[in-house]
Amino acid sequence: MKFWKILSNLLVVLEEIFPDWSDRFLSYKSLKQQLNLIYPKPTAACGDEPPPKRSKLSRADVADSSDRESKEEEEEEEEAEVTKEVNAAEFLKRLEEEIDKFNDFFVEKEEDYVIAWKELQDRIRQAKDSNEDLSEVGKKLVDLHGEMILLVIYSILNYTGLVKITKKHDKRSGALIRLPFIKGVLQEPFFRTDVVNKLAKECRTMLEDMFFKKELGEIQHLESTYVKLTSLALRVLNEIRAGSSTVNPLSLPPLQSNAAEELKSIPIVEQAAAK
């Protein structure tokens, strides 16, 4: 299945549940349409009629005609090269705007998670003697953990989309922007998920500790929207990776946070996701 088709299935679900997420993904379809406009696919020549025969020319005329044709070809090549550079620059500008969008959203969410995790830790310390309070905190922990993993998947999906759309650009235009562009993407904030990975691991450890100590009671049967959505996002990512023809160190990065294992390792989350 095509990347956009797979991604759009996820966006439909996101739009219904978390509308603030859906328009923060790569505008893949719009970028593809722009490629089609600036680099239209060549069409086959119409008709089967042979070109008209040329009249006989003198040697001088032939030489003069050859010089003119050579000059015209050089001018056309120069013009085509300039056009290619302009189009590539315009496309790169669009991609930079997309990256700014990713970074703004990712950093904002990351900051929210740092604050939310600190607040939950404080609440857990204050509610050690209250099973009811711990149960409520446990529910929030499950949601927070699920959203953290979803943010990591957000990073990977957008990176994958950038790889695929720049590959299409280079194939269509002949301008090789993909490799230097993707190397730059690796340094962008939205791709650097170390902080979120660390928070998710700490959150998972806390959940495991609370669960195995049987402090959560009714949370064992918790149904978490974030967990279900994250499971869907993981399936989407696996579909994209399984069907990819783009295999190299800069194409489809590994799940840096072992997101699938993060979900499976928590009995509470596994039960919730199975509902």
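Residues numbered from 1 in each chain as written. Predicted model: local features only at pLDDT ≥ 70, side-chain atom pairs only at ≥ 80, totals over all residues. Heavy atoms only, no water.

Where an unreviewed UniProt entry is consulted, the chain appears under the name SPX domain containing protein, with the organism given as Trema orientale.

J.: Honestly, helix H6 (residues 178-185) in this entry has me stumped. Any pointers?
T.: Since the α-helix packs 3.6 residues into each turn, any two residues three or four apart lie on the same face. Taken together, the buried positions of H6 are Arg178, Phe181, Ile182 and Val185. Take H6 and look down its axis: the buried residues cluster within an arc of 95°, on one side only. (Buried < 20%, exposed > 50% of the residue type's maximum accessible area, 1.4 Å probe, protein only. Helix = DSSP H or I, 4+ residues; strand = E, 2+ residues; numbered from the N terminus. Arc of directions from axis to C-beta.)

J.: I'm lost on the confidence of the model for the chain in this one. Help?
T.: Should pLDDT be low for a region, the predicted coordinates there are not to be read in detail. Looking at the chain, the pLDDT average stands at 76 and 61% of residues meet or exceed 70. Averaged over each element, pLDDT in the chain is lowest for helix H10 (residues 267-274) (40) and highest for H6 (93). (pLDDT = per-residue confidence, 0-100.)

J.: I tried to follow the side chain of histidine 169 on my own but got confused; where do I start?
T.: Here histidine 169 is to be found in helix H5 (residues 131-173). Sequence-distant contacts of histidine 169, that is, excluding residues within four places in its chain, are made with Leu35, Tyr39, Ala88, Phe91, Gly174, Ala175 and Ile177. (Contact = heavy atoms within 4.5 Å.)

J.: Sorry, what's going on with the nonpolar core here?
T.: A general trend in soluble globular proteins is that nonpolar side chains are found buried together. Among the nonpolar cores identified, the biggest contains 58 residues, and Trp21, Leu141 and Leu162 are the most heavily contacted of them. The set of elements that each furnish at least two residues to this core consists of helix H1 (3-17), helix H3 (28-38), helix H4 (59-126), H5, H6, helix H7 (194-212) and helix H8 (225-242). Per-element tally for this core: the top contributor is H5, with 18 residues. Setting aside residues up to four positions removed in sequence, leucine 162 forms contacts with Leu26, Leu95, Ile99, Phe102, Phe181, Ile182, Val185 and Phe190. (Core = buried A, V, L, I, M, F, W, Y, C linked by side-chain atoms within 4.5 Å.)

J.: Any chance you could explain H1 here in plain terms?
T.: Taking 1.5 Å per residue, 15 residues should reach 21 Å; H1 reaches 22 Å between its end C-alpha atoms and fits that length. Those residues of H1 that sit buried are Phe3, Ile6, Leu7, Ser8, Leu10, Leu11 and Leu14. (Expected span 1.5 Å × (residues − 1).)

J.: Can you help me understand the pattern of salt bridges in this one?
T.: Two side chains with opposite charge may pair up if their charged atoms get near one another. On inspection of all chains with the given rule, the structure shows 7 salt bridges. Its salt-bridge partner being lysine 109, residue aspartate 20 comes within 3.4 Å of it at the nearest N-O pair. Taken together, the residues aspartate 20 in helix H2 (residues 19-22) and lysine 109 in helix H4 connect sequence positions 89 residues apart. Ionic pairing is found between lysine 118 and aspartate 122, a salt bridge with its closest N-O pair at 3.1 Å. Of this pair, lysine 118 and aspartate 122 both sit in helix H4, 4 residues apart, which is roughly one turn of the helix. Relative accessible area serves as the criterion here: at 24%, aspartate 122 is assigned to the partly exposed category. One network of salt bridges, in which partners are shared, links Asp20, Lys109 and Glu147. (Salt bridge = Lys/Arg side-chain N within 4 Å of Asp/Glu carboxyl O.)

J.: Please clarify how the packing of aromatic side chains should be interpreted in this entry.
T.: Where two aromatic rings form a pair, the distance of their centres and the angle of their planes describe that pair. Applying the stated criterion to the full structure yields 8 aromatic pairs. Note on phenylalanine 105 and tyrosine 154: the rings are 5.1 Å apart at their centroids and 55° apart in plane angle, and the pair reads as tilted. Here phenylalanine 105 is found in helix H4, whereas its partner tyrosine 154 is found in helix H5, with 49 residues between them in sequence. Relative accessible area serves as the criterion here: at 0%, tyrosine 154 is assigned to the buried category. Taken together, Trp21, Phe25, Phe102, Phe105, Tyr154 and Phe190 form an aromatic cluster joined through their ring pairs. (Phe/Tyr/Trp six-rings, centres within 6.5 Å; stacked < 30°, edge-to-face > 60°.)

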